[in-house]
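Here's the letter readout for the chains.
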Amino acid sequence: MLASYSTTIWYTIRATGIVALVLLTGTLVLGILTAGRAKSRSWPAFAQADLHKRVSLLAMVFLALHVLTAVIDTYVNVGWASVLVPFASPYRPFWTGLGTVAVDLMLAVAISSALRQRIAARVWRGIHWLAYASWPVAMAHSLGMGTDASRLWMDAVAASCALAVGGALAWRIGDHKKSKELALGVGAITRAVPVRPEAPSSAVLSANGSTRSLRRSTSATGLLERDRP
Ligand code: HEM
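This one's a predicted model, so the numbers in the text were calculated from it and none came from an experiment.

Each value, and the rule that gives it
Residues numbered from 1 in each chain as written. Predicted model: local features only at pLDDT ≥ 70, side-chain atom pairs only at ≥ 80, totals over all residues. Helix = DSSP H or I, 4+ residues; strand = E, 2+ residues; numbered from the N terminus. Buried ≥ 20, exposed ≤ 12 C-beta atoms within 10 Å, placed from the backbone. Contact = placed C-beta atoms within 7 Å. Core = buried A, V, L, I, M, F, W, Y, C linked by C-beta atoms within 7 Å. Axes fitted to C-alpha atoms, helices over the stretch in contact; angles between N-to-C directions. Parallel < 35°, antiparallel > 145°, perpendicular 65-115°, else oblique. Left-handed = near helix turned anticlockwise from the far one by under 90°. Nonpolar A, V, L, I, M, F, W, Y, C, P; charged D, E, K, R; others polar. Near = placed C-beta within 6 Å. pLDDT = per-residue confidence, 0-100.

Caption draft 1: Quick look at the overall build of the protein chain. Along the protein chain, the regular secondary structure elements total six helices and two strands. For the protein chain, the α and β elements follow one another from N to C terminus as α-α-α-α-α-α-β-β. Residues classed as buried in the protein chain amount to 21% of the 229 residues present. A sequence separation of at least 24 residues applies to 51% of the contacts in the protein chain between residues at least 6 apart.

Caption draft 2: Quick look at the nonpolar core. Leu 24, Leu 28 and Val 29 are the most contacted members of the largest nonpolar core, which has 29 residues in total. Considering every element that reaches this core, the biggest residue donor is helix 1 (residues 2–35), with ten residues. Discounting chain neighbours no more than four positions away, the residues touching Leu 24 are Ala 59, Trp 135 and Ala 138.

Caption draft 3: Focus on the packing of helix 3 (residues 93–114) against helix 5 (residues 130–145). At their nearest, the axes of helix 3 and helix 5 sit 8 Å apart, and the two run at 155 degrees to each other. Taken together, the axes of helix 3 and helix 5 are roughly antiparallel relative to one another. Between helix 3 and helix 5 the crossing geometry is left-handed. Along the contact surface, helix 3 presents Trp 95, Thr 96, Leu 98, Gly 99, Val 101, Ala 102, Leu 105, Met 106, Ala 108 and Val 109, while helix 5 presents Leu 130, Ala 131, Ala 133, Ser 134, Val 137, Ala 138, Ala 140, His 141, Gly 144 and Met 145. Of the residues assigned to the contact of helix 3 with helix 5, the class counts are 15 nonpolar, five polar and no charged.

Caption draft 4: Up close: the site of the ligand. With respect to spatial proximity, 32 residues lie near the ligand, and among them Gly 17, Gly 99, Ser 142, Gly 146 and Asp 148 are the closest. Of all the elements in the fold, those that place two or more residues in the shell around the ligand are helix 1, helix 2 (45–72), helix 3 and helix 5. Among the elements that make up the shell around the ligand, the one with the highest residue count is helix 1 (eight residues). Residue classes in the shell around the ligand are distributed as 20 nonpolar, ten polar and two charged.

Caption draft 5: Spotlight on the confidence of the model for the protein chain. Considering every residue of the protein chain, the mean pLDDT works out to 83; 79% of them sit at 70 or more. Taken element by element, the predicted model of the protein chain shows its lowest mean pLDDT in strand 2 (residues 211–214) (39) and its highest in helix 3 (97). Per-residue pLDDT stays below 50 along residues 199–229; that stretch engages in 31 contacts with residues further than four places along the chain or on separate chains.

Caption draft 6: Structural detail: the packing of helix 3 against helix 4 (residues 121–128). Running from N to C, helix 3 and helix 4 cross one another at 155 degrees; their axes reach a closest spacing of 9 Å. Taken together, the axes of helix 3 and helix 4 are roughly antiparallel relative to one another. The two elements helix 3 and helix 4 cross, and the hand of that crossing is left-handed. Across the interface between the two elements, Ala 108, Val 109 and Ser 112 of helix 3 pack against Trp 124, Ile 127 and His 128 of helix 4. Partitioned by chemical class, the residues of the contact of helix 3 with helix 4 number four nonpolar, two polar and no charged.

Caption draft 7: Seen up close, unusual backbone geometry. Phi is positive for Phe 87, close to 65 degrees, though the residue is something other than glycine. Inspection of the secondary structure assignment puts Phe 87 in the loop between helix 2 and helix 3. Of the residues examined, Phe 87 has 13 C-beta atoms within 10 Å and is grouped as partly exposed. With phi around 40 degrees, Arg 92 is a residue other than glycine that occupies positive phi space. Residue position: Arg 92 is located in the loop between helix 2 and helix 3. The exposure class of Arg 92 is partly exposed, given the 16 C-beta atoms found within 10 Å.

Right under this line is the structure:
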């Protein structure tokens, strides 16, 4: 009876750990897509942001179960302190410690998001960047600790997670570059057009290179004086 209870706990630690890793990966990928404004008609930005939030909450639930079962398991002695204090676990302190670091980073991200309305956007964004750090640390913990890490299926899960994050990051960097080039192009075009008729006041380069001010026309046509025949 005692053995089967212990086995159930052990399986629960492993299962919840793997599900938490997959959900954490999903959260990160959705976060990258949302931040990059990836949207389509069938998947608008608000739906993406909502899914990102829900998946992150689900990840926290599985993570809480994982940590709780790890602490109450009598075979592995990790102790309550190791839930929040990195490298405090008597059982495999380094690899457990990485799990704790990932949890601490995720908590910082989660708490700052809950307080988002009350803190400066720059501070929130800075803390949110910690999500990028928590993922590889959680992955290292999963592979370093895992009973299943040597199994082919676990390698496939880890590789799929890495591919998903790598793919999302590559898309984000490519998209960022494209937007920057587009902005530079638009900037160059707007700089090349000296004045727009609706501009309140402006100056243009005359043929001899000097600038002259233009007053807005008060005529009904709304044409600038320069435009008048
Ligand atoms: C983001 C944070 C975390 C994630 C994603 C995570 C995920 C995982 C995964 C995937 C495994 C491997 C399961 C297996 O294949 O056997 C694992 C193992 C383990 N984790 Fe975590 N973990 C995290 C945090 C923690 C923390 C904070 C603790 C301790 C308080 C902890 C304790 C353990 C233990 C004891 C095992 C070994 C289970 C075994 O005996 O195989 N984890 N974790």
